[in-house]
Amino acid sequence: MSTFQNSGTLATPGQNLDGNLLSVDSLVVEYPTKHFRAKPFRALTDINISIKAGETLGLVGESGSGKTTLGRAVLGLAPVTQGTITFEGKDISHASRKDRRALSRDLQVVFQDPYTSLNPALEIGDILAEPLSVQGKSPTEAKRRVRELLDQVGLPSDAIHRLPREFSGGQRQRVAIARALALSPKLIVCDEPVSALDLSTQAVVLDLFLQIQRDTGVSYLFVSHDLDVVRHISHRVAVMYRGEIVEQGTAEVVTRTPEHPYTQRLLLASPVPDPDRQEKRRKDRHELLKAQRIEAAASVPA
Amino acid sequence: MTESVNTSALTPAPGTPGQSGTVVRSTVLKRLFKNPLGIVAIVILLGIALLAAFADVLAPFEENYANIAKTLASPDSVNILGTDSAGRDIWSRLLFGARLTLLSALLCAGVAVAIGLPAGLIAGYYAGRFEAVSNWVVSILMSLPGLIVLLTIRAAFGPSVWVSMIAFGVLISPAYFRLTRTAVQSVRNELYVDAARVSGLSDRSIIVRHIFSVVRAPVIIQTAAIAGVAIAIQSGLEFLGLGDPSKATWGVMLSEGFKNVYLKPELLFWPSFAMSLTIGALVLLGNAIRDAMEDGEKIKHRKKPADKAATATSGPSPTVTRASRKAVAAVESGTEHHLVKVTNLGVGYPQADGSIKKVVDDVSFHVDRGEILGIVGESGSGKSQTAFSILGLLPDTARIVGGAIQFDGDYTVAPGDDTVNQDRLSKLRGKRISYIPQEPMSNLDPAFTIGYQLVTPMVRVLGISKAEATNRAMKLLSDVGITYPDRTFKAYPHEVSGGMAQRVLIAGAISCEPDLIIADEPTTALDVTVQADVLDLIRDLQKRLGVGVILVTHNFGVVADLCDRVVVMQNGRLVEEGPVREILRNPADPYTQKLLGSMLEGKEPMTMLVAAGTEAAQ
């Protein structure tokens, strides 16, 4: 169904022919339903994406579109029913916990809600040291790295001995970003990392993401419902709708002159901060909806 | 790059150096020791435990030493509590009994914890087959009649206290299992557990580090209660004569005393007293721990005298103040025609230390009929608190610390009032002032159909018949763009989508033909495409009905789409007010400039937002 396909995504396991850091091929994710012998719920259908080193792929879609599930599948938190997820040439679709431990050096996550993604009972220092100690770093080494990390995300070093509840939402999200950075990963899955934040905090955190990418060359799989956010931070953008990727391409093309009817609707639905331009956008949207309705009546609905 | 922002944002807590986990735990202990009931319980239990531990030293006689010559004696200098029917010293037997009773209660609780806690952790964390099987086992254990099982075990293994307490521990372990499983289930899918999984932490480490801390507190509380129950059950068995007569326990003593109740009733008193004291102390301790664990920072209602003083001073001359304030309001040319006028409003919350934390401070604005006013601000700006004071829906702890609110020429908060006048507002709310909330789903009662929730307020507020209200509801539902009104009318809230639920709530908001609609972030919880539809709907309805709207939002796009005028708030204060075009195009206040500068629309992708913004501002 995708209108844009990266060429040569058929990576041979063990090799890294196409230069992709991560590639997801024909991925299907199904959740078993509660009822006996009922059909499983299909959250993702035939997903194909790829991310190169130092690149950001923005994943945009509405609630229930499966964008978060895709991120979770890459992290091993959602069951892979069919298809493969390849990271640095290795198939990680069904990686064991032990493989994951090795993988966590290169693959990390920042979650949406900075309030529940940090254990309220642990100090910031312990939270940040956790991934380090899993990798067998000594306590002194871990301590030094924690200080570096706090500095990197712009938090004071006395934050080490404080609890998450003593910080604001934006500061907590910095802690979550610092935790993701602890092992200098190659790819960070960012699951709506700015949607719980205020506008000005969002700007600061987006700057932080960009700065970190410039400094470390990390790749992002950046999941968001906000087309403006995705346009700002991504090199390429994939649009998800009802568990499928309906459009994929460079950020400029997908977020400004989209081809798929759903992306077009999405683009014109987000309001602009000027009454007169917004009035025009509103008119454009109504015309688009009308045109699409006529088209849909004439052919198969999109 | 962002250092200046960070340091300024973090300055509030430089004086409080590291607050570590141990410090937090000790504050729980500190709170426990501050609670008089907690201290009493701990002192009693410690005392009994010490007496039991040093029974060998403290007891003047062996537990079974019998002086046949001196049976049922009254207290004297040798037997300070007297003797029983076999001439045994009651005080000595009480001490030895305490030891056995407490140890067996501990054993029972220990067995229950040892079985229930790990099983609950595993079942809660992994779910799946282990949970299914253990649920079966638990159901069987719980359906067994406990006393009969204990009698059977006694018959099979003899009258051992230990055996019966181990059996009782097994029987009572489901209590721990269920408690633990529920607690674990509530955190199993927390994001920090996911984050630990991504870090590659083994399941065991995740359970120990992240999950065990959640169940620790409830298990401690439960143990206090279970120990009390164990003492009661064990003593009950022994009272029935099923105990080991060669061992002194409180239950055996009770049984012995009961046999001689007519000869010497005191024999019953001492073991009962010891039991009640211990069990009571355990229950109190459990309660005290629970109270200490729960957030202890409850606000003391200390400002009562101040309130009384305020009402006392305003009491004698209310008409004067009212009249004078009205005169002040009237000076601003014709404020009666304003639909809502908020003047110098201040809202605050009393704090534990007696001060008042202001969340809204000196805010003034007005809304006219047929006008949409946007209140914009970030979280903590006081925008929702302002809206809620107009609605009169502030929490009970909130205080109006200054200013006035008038609606259609009448005060709802008169100058000098410290709470919203609910008598005046309850006549307006729902009828002339209505409300569109942020979370459509949590504002519909899942137990009733949508139709019922639309019809009932209309019958009550407008005084129309149910049939008429039903007709109106149908029309309203089609007015808000619902394609099949009759189907939605009969549906329950969980059967419709979020956008549909918001349409239903909008239908409810306009059902009683209000003059003012207060919409608190009405589209924040919705998808962008649905948001656009709902904004269209609000605009159309507002034009058609000519109502005044107060739109609380953080989104400047929504403001641009709907609003005529805008109020910008920051930290409870109004920083800027004006027509929408002026505010959005030429913001005068640096804060508004910063907010608009943070907008992504029209920015060059992959560039710094804040750095560029501050440069432009400088």
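Note that the structure is a prediction, hence the values are computed from the model and not measured.

A few words now on the overall build of chain A. Of the regular secondary structure elements, chain A holds 10 helices and 10 strands. For 302 residues, the compact-globule estimate of 2.2 N^0.38 gives 19 Å, and chain A sits close to it at 20 Å. Dimensions of chain A along its principal axes, counting C-alpha atoms only, are 70 × 50 × 45 Å. Residues classed as buried in chain A amount to 53% of the 302 residues present. Counted over contacts in chain A with a minimum sequence separation of 6, partners at least 24 positions apart contribute 67%.

This part is about the overall build of chain B. Scanning chain B for helices and strands turns up 25 helices and 10 strands. Every one of the 618 residues in chain B was classed for burial, and the buried ones make up 41%. The long-range share in chain B, meaning contacts at least 24 apart out of those at least 6 apart in sequence, stands at 67%.

As annotated in UniProt, the feature "domain: ABC transporter" (unreviewed entry) corresponds to residues 340-596 of chain B in the numbering used here. Annotated as residues 340-596 of chain B, this span is 39% helix and 27% strand, and its ends, taken at the C-alpha atoms, are 27 Å apart.

Now for the nonpolar core. Judged by nonpolar contacts, the single largest core of 181 residues is most densely connected at L221 and V239 of chain A. There are two domains that each give this core at least three residues, and those are domain 1 (45-62 + 84-293) and domain 2 (433-617) of chain B. Aside from chain neighbours lying at most four places away, what touches L221 of chain A is I51, L57, L59, G71, V74, L187, V189 and C190 of chain A. The next biggest cluster of nonpolar side chains, apart from the first, holds 61 residues, and it includes F177, A224, A227 and I289 of chain B.

On to the environment of Q171 of chain A. Looking at the secondary structure, you find Q171 of chain A in helix α5 (residues 169-181). The spatial distance from the C-alpha of Q171 of chain A to the C-alpha of D226 of chain A is 21 Å, given a sequence separation of 55 residues.

On average, chain A scores 87 in pLDDT, and the residues at 70 or more come to 93%. Below a pLDDT of 50 lies the segment residues 1-16 of chain A, which in the model reaches 34 contacts outside its immediate sequence neighbourhood of four places, other chains included.

This part is about the packing of helix α10 (residues 203-239) of chain B against helix α11 (residues 250-259) of chain B. Residue and element names in this part refer to chain B. Between α10 and α11, the least distance of the axes is 7 Å, while the angle of their chain directions is 40°. As judged from the angle between their axes, α10 and α11 are oblique. Considering only the axes of α10 and α11, their crossing is right-handed. Counting all contacts with α10, which are made through Q234, S235, G236, L237, E238 and F239, the residues of α11 involved are W250, G251, V252, L254 and S255. The class makeup of the residues in the contact of α10 with α11 is five nonpolar, five polar and one charged.

Moving on, we get to the interface of chain A and chain B. Listed by partner, the interface residues are 61 residues for chain A and 59 residues for chain B. Sorting the residues of the side of chain A that touches chain B by element identifies α2 (97-103), β6 (107-110), α3 (124-134), α5, α6 (199-216), α7 (227-233), α9 (261-269) and α10 (275-298) of chain A as the ones contributing at least two each. In terms of residue count, α6 of chain A provides more of the side of chain A that touches chain B than any other element does, 10 residues in total. Considering only residue class, the side of chain A that touches chain B consists of 25 nonpolar, 17 polar and 19 charged.

Residue and element names in this part refer to chain A. Bridge analysis of strand β1 (residues 20-31) against strand β4 (residues 82-87) gives five bridges, and the strand direction is antiparallel. Within β4, the residue paired with D25 across the bridge is T84. Pairing of β4 with strand β5 (residues 90-91), which is carried by two bridges, proceeds in the antiparallel orientation. Following the sheet pairing, F87 is matched in β5 by K90. Linking β4 back to β5 in an antiparallel pair, the connection comprises two residues, with E88 at a positive phi of about 50°.

This next bit is on the packing of helix α6 (residues 128-143) of chain B against helix α8 (residues 161-188) of chain B. Each pair of packed helices gets described by two things: the angle between the helix axes and the distance between those axes. Residue and element names in this part refer to chain B. Where α6 contacts α8, the axes come no closer than 9 Å and their chain directions differ by 130°. What the angle tells us is that α6 and α8 run oblique. Our pair here, α6 against α8, has a crossing hand that is left-handed. Two secondary-structure elements touch here, α6 through S134, V138, L141 and M142 and α8 through L171, P174 and F177. Grouping the amino acids of the contact of α6 with α8 by side-chain chemistry returns six nonpolar, one polar and no charged.

It is worth spelling out the domain arrangement of chain B at this point. According to the domain assignment, chain B contains domain 1 (45-62 + 84-293) and domain 2 (433-617). For domain 1 of chain B versus domain 2 of chain B, the distance between C-alpha centres works out to 55 Å.

Our focus in this paragraph is the UniProt feature "domain: ABC transmembrane type-1" (unreviewed entry) in chain B. Mapped onto this structure's residue numbering, the UniProt feature "domain: ABC transmembrane type-1" (unreviewed entry) falls at residues 98-290 of chain B. The annotated region residues 98-290 of chain B carries 85% helix and 0% strand content, and the separation between its end C-alpha atoms amounts to 26 Å.

All right, on to unusual backbone geometry then. Phi at D46 of chain A is positive, roughly 50°, even though this residue is not glycine. On the secondary structure map, D46 of chain A appears in strand β2 (residues 41-52).

A few words on the sheet that holds strand β7 (residues 187-191) of chain A. Residues and elements named next belong to chain A. Read from one edge of the open sheet, six strands run β6-β7-β8-β3-β9-β10, paired in mixed fashion. What marks the edges here is a single partner per strand, and that holds for β6 and β10 (244-250). Taking the axes of each pair of neighbouring strands and ignoring which way they run, one obtains an average angle of 15° across the sheet. As paired elements, strand β9 (residues 236-241) and β10 share six bridges and run antiparallel to each other. Residue pairing in the sheet places Y241 in a bridge with E244 of β10. On top of the sheet, α5 reaches β6 and β7; it is set at about 175° to β6, its chief contact.

Attention now goes to the sheet that holds strand β8 (residues 548-553) of chain B. Residue and element names in this part refer to chain B. Reading across the sheet, the six strands line up as β6-β7-β8-β3-β9-β10 and stay open at both edges, with mixed pairing between neighbours. Looking at strand neighbours, the two that pair on one side only are β6 (433-436) and β10 (573-579), the edges of this open sheet. Recorded for the sheet is a direction-independent mean angle of 15° between the axes of neighbouring strands. Across five bridges, strand β7 (residues 516-520) lies against β8 in parallel orientation. If you follow L516 over to β8, its bridge partner there is G548.

Residue and element names in this part refer to chain B. Looking at chain B as a whole, the pLDDT averages 83, with 88% of positions reaching at least 70. Within chain B, strand β3 (residues 372-376) carries the highest mean pLDDT (95), whereas helix α1 (residues 3-10) carries the lowest (38). Here residues 1-25 is a poorly scored stretch, pLDDT under 50, and it has 31 contacts once near neighbours within four places are set aside; other chains count. Long-range and interchain partners of residues 296-332, a stretch whose pLDDT sits below 50, account for 22 contacts in this model, where long-range means more than four residues apart. We note a pTM of 0.79 for the whole complex and an ipTM of 0.85 for its interfaces.

On to the pairing of strand β3 (residues 56-60) of chain A, then. Residues and elements named next belong to chain A. Extensive coverage of β3 is indicated by the burial of five of its five residues. Going residue by residue along β3, you find T56, G58 and V60 tucked away on one face and L57 and L59 tucked away on the opposite face as well. With five bridges connecting them, β3 and strand β8 (residues 219-224) associate as parallel partners. Bridged to L59 within β8 is V223.

Residue and element names in this part refer to chain B. Compared with an ideal rise of 1.5 Å per residue, which puts 18 residues at 26 Å, helix α3 (residues 36-53) spans 25 Å between its outermost C-alpha atoms and is within 8% of the ideal. Regarding α3, the residues found buried are G38, A41 and I48. Projection of α3 onto a plane perpendicular to its axis shows the buried side chains occupying an angular sector of 110°, all on one side. The outward face of α3, more than 90 degrees from its buried face, is lined by the exposed residues P36, V43, L46, G47 and L50.

Residue and element names in this part refer to chain B. Its place among the elements puts E371 in the loop between β2 (356-367) and β3. Spatially, the C-alpha atom of E371 lies 9.2 Å from that of K543, the residues being 172 residues apart in sequence. In contact with E371, not counting residues within four places along its chain, are G548, D564 and R565.

Attention now moves to the environment of I390 of chain B. Residue and element names in this part refer to chain B. Counting through the fold element by element, I390 comes out in helix α15 (residues 383-391). C-beta crowding within 10 Å serves as the criterion here: with 25 such atoms nearby, I390 is assigned to the buried category. When the C-alpha positions of I390 and L609 are compared, they lie 36 Å apart, and in sequence the two are 219 residues distant. Setting aside anything within four residues of it in sequence, one finds I390 in contact with V340, V342, I405, I518 and I550.

Calculation notes
- Residues numbered from 1 in each chain as written.
- Chains lettered and ligands numbered in written order.
- Predicted model: local features only at pLDDT ≥ 70, side-chain atom pairs only at ≥ 80, totals over all residues.
- Helix = DSSP H or I, 4+ residues; strand = E, 2+ residues; numbered from the N terminus.
- Rg over C-alpha atoms; globule rule 2.2 N^0.38 Å.
- Buried ≥ 20, exposed ≤ 12 C-beta atoms within 10 Å, placed from the backbone.
- Contact = placed C-beta atoms within 7 Å.
- UniProt positions renumbered as here; feature names shortened; annotations may be inferred.
- Core = buried A, V, L, I, M, F, W, Y, C linked by C-beta atoms within 7 Å.
- Domains from an automatic or database assignment.
- pLDDT = per-residue confidence, 0-100.
- Axes fitted to C-alpha atoms, helices over the stretch in contact; angles between N-to-C directions.
- Parallel < 35°, antiparallel > 145°, perpendicular 65-115°, else oblique.
- Left-handed = near helix turned anticlockwise from the far one by under 90°.
- Nonpolar A, V, L, I, M, F, W, Y, C, P; charged D, E, K, R; others polar.
- Pairing = 2+ DSSP bridges.
- Expected span 1.5 Å × (residues − 1).
- Arc of directions from axis to C-beta.

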